Amino acid sequence: MLGLGYVGLPTAAVLASRGIPVAGVDINVQTVDLINQGKIHIVEPDLDIMVRSAVVAGKLRAAVAVEPADAFIIAVPTPFANEHKPDLGQVRAAVEGLAPVLKKGDLIIIESTSPVGTTESVSEWLAGQRADLAFPHQAGGEADVQIAHSPERVLPGRVLLELVRNDRVVGGLSARCAERAAELYRLFIDGECLLTSARTAELVKLAENAYRDVNIAFANELSLVCGRLNVDVWEALELANRHPRVDILKPGPGVGGHCIAVDPWFIADSAPAETTLIQAARQVNDAKPDHVVEAIKKAAEAFSVPRIACLGLAYKADIDDLRESPAVKIVKSLALDRIGEVLIVEPHIRALPEELKNLSGLKLVEMDAALDRSGIVVLLVDHQPFKAIDRARLQGKVVIDTRGVWR
Ligand code: SAJ
């Protein structure tokens, strides 16, 4: 397993729990050391127990270098670089890392969300390094090594459940590639393996996340419309969703995470002229944090020394992941504009992230301290402890609830 992050580590642990020996590879030495001690570096329900028992049973171990294996699964990040261009550097590095140990009969699966055509590129990169082997883009079903793309589709917070239960799209560079990859997944999934081409599998994954992004953008746009027209957006959506063919997602402070806020750009980059709607959705969702900042600034005008409790920094509920988080953008903007003292509460982290830690006016505090001391309370993430706050504690304060949980 190349990449021991939010997808690679759970997948490695599930495979190991089925008795399959797994060597996990990661460039981060601390991650490797931690896993070898049976510990984990991310927050995900039940993952700690599963990793510990796999390590104790001797089925899972981690290292920084790739070693020979029968199957290689690549689950490294595919972020975007400048101007929303996909950055495949980590996939390429993983492929180059495994090329020297590759042998006839091996299987390679790319799980990292990738622009259409990436799996073909992987085959070409490998051929450049291993002229002694035949790859699928050259030899199709007769290739020495099989290469497939099977995008991960698990929802953070439910990873161990979804990893096993979800259907799996398995796209091969040839039919044989897809069949070999499906054989591996059938060892641990209860869902169905849906076989297709690698290009289709790549697009399917991007389409799923773009679909969600467009739906959330619609909800976010409606939240602005409701604000202007003095209608309660939560009530309006609840009622609209009672129609048997309407299912609008929830508005919020913006869309974060390393998937939904990123993947639609991979489609837009490959087909810029054809993606008006997908690009507009990205813009609507990216602009939402600014609307929240405006609402906070307006509320702050009523205070001589505004003290603002910002509840949550993660990109969504009950996880520790801050990547592309709208909450981070919002508190950063409040600090840069010196709106007042910002008391941040985030139960899943111990220190503010790099991009916030040197800004003045921001403090990471416990929930009680933040509620006691602030006149404005902004709910940015619907973490369980925030949902459970006794409403009496909010009395007399200006409340901005971006997730609609305190209605
Ligand atoms: N959000 C809203 N309103 C909603 C739902 C979500 O504002 O109604 C926001 C969240 O707060 C968060 C962002 O959208 O900031 C994304 O959260 P999410 O729960 O929608 O999705 P992710 O990014 O955690 O996981 C998605 C999932 N994709 C789909 O549901 C189509 C998951 O299945 C994928 O495996 C994952 O992306 C991925 O890795 O690609």
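Residues numbered from 1 in each chain as written. Predicted model: local features only at pLDDT ≥ 70, side-chain atom pairs only at ≥ 80, totals over all residues. Heavy atoms only, no water.

Colleague: What exactly am I supposed to notice about the domain arrangement of the protein here?
Modeller: Interface size, as often reported, equals the accessible area lost upon joining of the parts. In terms of domains, the protein is made up of domain 1 (66-206) and domain 2 (252-401). For domain 1 versus domain 2, the separation of C-alpha centres amounts to 35 Å. Summed over the three residues of domain 1 that lose the most area to domain 2, namely Phe80, His84 and Leu206, the buried surface amounts to 41% of that side. Here domain 1 is connected to domain 2 by 1 salt bridge. Between Lys85 and Asp269 there is a salt bridge whose closest N-O contact spans 2.7 Å. Counting every contact that joins domain 1 to domain 2 gives 2 residue pairs in polar contact (both at pLDDT 80 or more). Its residues assigned to classes, the side of domain 1 that touches domain 2 shows 7 nonpolar, 5 polar and 2 charged. (Domains from an automatic or database assignment. Buried area = accessible area lost by both parts, 1.4 Å probe. Salt bridge = Lys/Arg side-chain N within 4 Å of Asp/Glu carboxyl O. Polar contact = N/O pair within 3.5 Å; in protein donor to acceptor, adjacent residues only side chain to side chain. Nonpolar A, V, L, I, M, F, W, Y, C, P; charged D, E, K, R; others polar.)

Colleague: Would you mind going over the pairing of strand E7 (residues 193-197) with me for this structure?
Modeller: Inspection of the sheet shows strand E6 (residues 168-172) paired to E7 by 5 bridges, in the parallel sense. Each bridged residue has a counterpart across the sheet, and for Val169 the counterpart in E7 is Leu194. Viewed along the sheet, the connection from E6 through helix H8 (residues 175-185) into E7 turns out right-handed. (Pairing = 2+ DSSP bridges. Helix = DSSP H or I, 4+ residues; strand = E, 2+ residues; numbered from the N terminus. Right-handed = clockwise from strand over helix to strand, strands pointing away.)

Colleague: Please clarify how empty space enclosed by the protein should be interpreted in this entry.
Modeller: By the definition in use, this model includes 1 cavity of 30 Å³ or more. Computed from the structure, the largest cavity encloses a volume of approximately 40 Å³. If you go around the largest cavity, the residues you meet are Pro151, Arg153, Val154, Glu162, Leu163, Asn166, Asp167 and Arg168. Residues that form the lining of the largest cavity fall into these classes: 3 nonpolar, 1 polar and 4 charged. (1 Å grid on protein atoms, 1.4 Å probe; cavity = no way out; pocket = protein on both sides within 12 Å on 5 of 7 lines; lining within 4 Å. Points joined across faces, edges and corners; volume = space filled by probe spheres on them.)

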